[in-house]
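# Fold and contact review
Each chain, letter by letter, is given below.
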Amino acid sequence: MLAGKRFIIGITGSIAAYKAAVLVRLLVKHGAEVKVVMTPLAKEFIKPLTLATLSRNPVLIDFFNPENGTWNSHVDLGIWADAMIVAPATANTIAKMANGIADNLLLTLYLSARCPIFIAPAMDLDMYQHITVQQNLKKLESYNNIIIEPASGELASGLEGKGRMEEPEIIVEHLLKHFTENQKFKEKKVIITAGPTYEHIDPVRYIGNYSSGKMGFALAEKLASEGAKVCLISGPVKLSTKHVNIERVNVTSALEMYDEVSRRFSAVDIAIMAAAVADYRPEIQHEQKIKHSEENISIQLIPNKDIALEMGKIKRKEQIMIGFALESENNPELAKAKLIKKNFDFIVFNTIAEEGAGFNTDTNKITIIDSNNKTSPFPLKSKQEVATDIVNYIYNITLARK
Ligand code: CTP
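Here the structure is a predicted model, which means the values were calculated and not measured.

## Digging into the overall build of the protein
- On a plain count of helices and strands, the protein comes out with 13 helices and 21 strands.
- In terms of principal-axis extent, the alpha carbons of the protein reach across some 90 × 50 × 35 Å.
- Across the 402 residues that make up the protein, the buried fraction comes to 50%.
- Looking at the protein as shown, the accessible area adds up to about 19900 Å², and 51% of this sits on carbon and sulfur atoms.
- When the 47 positive and 46 negative side-chain charges of the protein are each reduced to one mean point, those points stand 3 Å apart.

## A few points about the site of the ligand
- If you check the shell around the ligand, you find 13 residues, and the closest are Met273, Ala275, Phe324, Lys338 and Lys342.
- Within the backbone of Ala275, a nitrogen or oxygen atom sits 2.8 Å from an oxygen atom of the ligand.
- Ala308 is positioned such that a nitrogen or oxygen atom in its backbone is 2.9 Å from an oxygen atom of the ligand.
- Taken together, the elements giving at least two residues each to the shell around the ligand come down to helix H11 (307–314), strand S16 (320–327) and helix H12 (332–342).

## A look at the packing of aromatic side chains
- Considering all chains together, one arrives at four aromatic pairs under this definition.
- Here the aromatic rings of Phe185 and Tyr395 are separated by 5.8 Å at their centres, their planes lie at 65°, and the arrangement is edge-to-face. Remark: Tyr395 occurs in helix H13 (residues 383–401) and Phe185 occurs in the loop between helix H8 (168–181) and strand S8 (189–194); sequence separation between them is 210 residues.
- The residue whose ring lies beneath Lys35 is Trp80, and the NZ or CZ to ring-centre distance is 4.4 Å.
- When the ring centre of Tyr395 is taken as origin, the NZ or CZ atom of Lys184, which lies over that ring, is 5.2 Å away.

## Some thoughts on the nonpolar core
- Counting 34 residues, the largest nonpolar core has Leu27 and Ile85 as the members making the most contacts within it.
- Here this core gets eight residues from one element, more than from any other, and that element is helix H1 (residues 17–29).
- When neighbours within four sequence positions are excluded, Ile85 is seen to be in contact with Phe7, Ile8, Ile9, Gly10, Leu23, Leu27, Phe118, Ile171 and Leu175.
- Counting 33 residues, the second largest nonpolar core, distinct from the first, contains Phe217, Ile320, Val386 and Ile397.

How each quantity is defined
Residues numbered from 1 in each chain as written. Predicted model: local features only at pLDDT ≥ 70, side-chain atom pairs only at ≥ 80, totals over all residues. Heavy atoms only, no water. Helix = DSSP H or I, 4+ residues; strand = E, 2+ residues; numbered from the N terminus. Buried < 20%, exposed > 50% of the residue type's maximum accessible area, 1.4 Å probe, protein only. Areas by Shrake-Rupley, 256 points an atom, 1.4 Å probe, with all protein chains shown as cover. Lys, Arg positive; Asp, Glu negative; His and termini not counted. Charge placed at Lys NZ, Arg CZ, Asp CG, Glu CD. Near = heavy atom within 4 Å. Polar contact = N/O pair within 3.5 Å; in protein donor to acceptor, adjacent residues only side chain to side chain. Phe/Tyr/Trp six-rings, centres within 6.5 Å; stacked < 30°, edge-to-face > 60°. Lys NZ or Arg CZ within 6 Å of the ring centre and 35° of its normal. Core = buried A, V, L, I, M, F, W, Y, C linked by side-chain atoms within 4.5 Å. Contact = heavy atoms within 4.5 Å.

Shown next as structure tokens:
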């Protein structure tokens, strides 16, 4: 459930900071990706090296790296995370969070984060009971933050009472519960085509294209993290997948991709055609290398099956099918024609004419055009964020059909 999820653990200056190390270890064991952000005081309680080792990521404390001046972008991190967990949260940090104060990286991250925020307070019992702390926590709760109440027991001061940061195992249970309840695509079956196809000319040559597969893979990860069972049918790419909800099927040619898609299509709820499928293949696929000669040669190409077109013909009305149109011209009409021809529910239009969009980039700038002719342009974003926009669009269709 937590595999592939991205967590920020925010550690503040409390004796309970040592428990954050266990929390990081547990999340990594669950297959989650963890990045640790500490307040400057927190490092007096636990060494960043311990947390960097356990999280397998550098620990962030300052706004920028004092050695090389690299900016630690709280905005990027805030978008990256699926959840932020402030554990332990001191009375001081709680007060600042409740009042929008942003005098360290952890606090700026809190203000920029778009994900759910969990807060696990840790302090002495009298501090915890103090009206100001209680009011700050109520305020944070009313802003949709999730407070993981402290447990009762012996405190660092020697006193007994409520204020001990909740045990890391219990915090993980809160996260599991949250993500189980909030999975938008639980039990949905999805196929995604991704990457290029290679069409064999001879044993050492092929016709291919520059597709990296990044968009299809980002969609697979996003849907899998929302509970979908994803079959990712991918042409040759340099990417890996690790989510337990993703079954990866590697293919080389358009014909192989067609076979894998067509035998699964009737059983799926959602099909996303993100692959850059070769429209043609060499008529003759040579078994031996074509030898050099001084003569011109020509390779006769014959059409491949159009996977999306064929699936569009048999698509049932409760199934959702999404297409992509990467065009060399900035003309959405080209995408609209494909939407209608291939019976997509919506098409994702992008163009290599826009900087940062298209093949082999980490970013994309898309316009979604749906079957009601509604056109929704999106700004330039990372492919992960674009995947989130597309997945949200699919989710809204499922809601409208209920
Ligand atoms: N597609 C497919 N099988 C093919 C070709 C395309 O499934 N043989 C899918 C793509 O995955 C994409 C959509 O159809 O979702 C549009 O692909 P594109 O290559 O832009 O469409 P074509 O119809 O091949 O048009 P063009 O002439 O622009 O290449």
